[in-house]
Amino acid sequence: MDRQIVYPAQIPLDSDLLNAQRNAFVGLGHLAGMAYGDNTVAAGGFACTPGTGLAVTIAPGSLLAAGVVDTSAYGTLAANGSVLVRQYVSRDPVTLTVPGAGGTYTVYATPTTVDADATVLPFYNAADPSVTYAGADNSGKAAPTVRQDVAQLGIAATVPDGVYPLWTITVPAAVAAITSDMIAQAEGAPFYLTIPELQAELSQGQFVKSVPSTGQTRIEELVENADGRAVFGDGNTDTVLANLADLPFSDTTQKIQAFTVSGSSRTITFPVAFKPGTIPVVVVTGNMAYDPTWDAYAVSYCFNNLSSDPYTPAITNESIVIDATYLTSRISPPIGQSNDTSVIHVVAIGEI
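Let me sum up the structure you'll find in this document. (Residues numbered from 1 in each chain as written. Predicted model: local features only at pLDDT ≥ 70, side-chain atom pairs only at ≥ 80, totals over all residues. Heavy atoms only, no water.)

Things to note about the packing of aromatic side chains
Inspection of every chain in the model, using the stated rule, returns 4 aromatic pairs. With 5.8 Å between their ring centres and 70° between their planes, Tyr 36 and Tyr 192 make a pair best called edge-to-face. Within this pair, whereas Tyr 36 is found in helix 1 (residues 14–36), its partner Tyr 192 is found in the loop between strand 12 (183–185) and helix 2 (195–203), the two being separated by 156 residues in sequence. Note on Tyr 192: relative accessible area 45%, which makes it partly exposed. Consider the rings of Phe 259 and Phe 270, whose centres lie 6.4 Å apart with planes at 85°: the pair is edge-to-face. Of the two residues, Phe 259 sits in strand 16 (residues 254–263) while Phe 270 sits in the loop between strand 17 (267–269) and strand 18 (281–286), which places them 11 residues apart along the sequence. Note on accessibility: Phe 259 and Phe 270 belong to one class, buried. Linked through ring pairs, Phe 259, Phe 270 and Phe 274 together constitute an aromatic cluster. (Phe/Tyr/Trp six-rings, centres within 6.5 Å; stacked < 30°, edge-to-face > 60°. Helix = DSSP H or I, 4+ residues; strand = E, 2+ residues; numbered from the N terminus. Buried < 20%, exposed > 50% of the residue type's maximum accessible area, 1.4 Å probe, protein only.)

Here it is, written out as structure tokens:
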């Protein structure tokens, strides 16, 4: 950042004072650009609370937005078109009147630069130092004394061009006063977490750690597809996180267990027990093994019934009991139980 140098007994010039302020202004703008990015709009403050009746009160705040150093002459300094992030400030609380009930309105900020606080200034009379001029050349004209970067606040049903939305006020019909539940942050509002807020979020573990553990991959970007899917990018490949609608069941408490067992046991235990008190839906199929004992092919499996209820299949939250039946047999009767080893495929659906 540049700093002016002055010397003892030097005749002070207006440009010395103006350059000192411009240098600080430029330095602050570049610091803001480093923190938020040269083309990022960011807002801080501007809390919105209900006012009296159909009105809201906006707290003081500031807005960062890209611009240039000076679009017009700054005192005796020429305009400067160098790109710079500028800070626009609303110093005091502002009350905005909501246009009416039964509508949705947006509170917005407009970045504006104004030369203000015009005053008739005393000037030095070089021809007669004992006489003070009122205004430049003793014209008596007022001149602005401060260049202000102001965040001007407004409210409207339709957001004008060149402004930044902050809050949305949704007012039901026939109401006479604004309440907190009518106020929401506007879509695209340029609010960012402060450093203390970021620290609080990090301490709660709500962000991905910057150093992945063994076997993990650093997430470099996160975007949302048009269909609502979140896409995580690691710089090489993208992985899509499915929507709820992509899941097999609308009831997300339902889970699938699909597995294979082999042997001659009639009781098959689920790898993970389902929720106690629930009965899963189970589908079983198996191999078409030849059984020389019955001279038959076992191709169909059925559930045993509970001993306590001959009409209820022997299915619990932990296991099932099955029997094999024969599709064909060259002996009579053509139905029986197989003791041969079978390979059985099980799909069970239920609440875990």
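Having seen the model, we can carry on.
Focus on the sheet that holds strand 3 (residues 55–58)
Overall, antiparallel pairing links the 3 strands, which are arranged 2-3-6 in an open sheet. Two strands in the sheet have a free side with no partner beyond their single neighbour: strand 2 (48–50) and strand 6 (94–97). On average, adjacent strands in this sheet sit at an angle of 30° to one another, irrespective of strand direction. Relative to strand 6, strand 3 runs antiparallel, the two being bridged by 4 bridges. Each bridged residue has a counterpart across the sheet, and for Val 56 the counterpart in strand 6 is Leu 96. (Pairing = 2+ DSSP bridges. Axes fitted to C-alpha atoms, helices over the stretch in contact; angles between N-to-C directions.)

Some words on the pattern of salt bridges
Once their charged atoms are close, side chains differing in charge can pair, the charge on each being opposite to the other. Applying the stated criterion to the full structure yields 5 salt bridges. Among the salt bridges present, the one from Asp 115 reaches Arg 147, with a minimum N-O distance of 2.7 Å. One end of the pair, Asp 115, is in strand 7 (residues 103–116); the other, Arg 147, is in strand 10 (residues 146–156), and 32 residues separate them in sequence. Glu 351 is the salt-bridge partner of Lys 275, the closest N and O atoms lying 3.4 Å from each other. With Lys 275 in the loop between strand 17 and strand 18 and Glu 351 in strand 24 (residues 342–351), this pair connects stretches of sequence that are 76 residues apart. Its relative accessible area of 38% is what places Lys 275 among the partly exposed residues. The partly exposed category is assigned to Glu 351, whose relative accessible area is 25%. Each of the salt bridges in this network shares a partner with another, and the network as a whole consists of Arg 22, Asp 70, Asp 115 and Arg 147. (Salt bridge = Lys/Arg side-chain N within 4 Å of Asp/Glu carboxyl O.)

A look at the environment of Leu 77
Considering the arrangement of structural elements, one finds Leu 77 in the loop between strand 4 (61–70) and strand 5 (80–90). Through-space distance from the C-alpha of Leu 77 to that of Arg 22 is 9.5 Å; in sequence the pair is 55 residues apart. With residues up to four places along the chain from it excluded, the contact list for Leu 77 reads Ser 15, Leu 18, Asn 19 and Arg 22. (Contact = heavy atoms within 4.5 Å.)

Treat this as a map of the structure, not an account of what it does.
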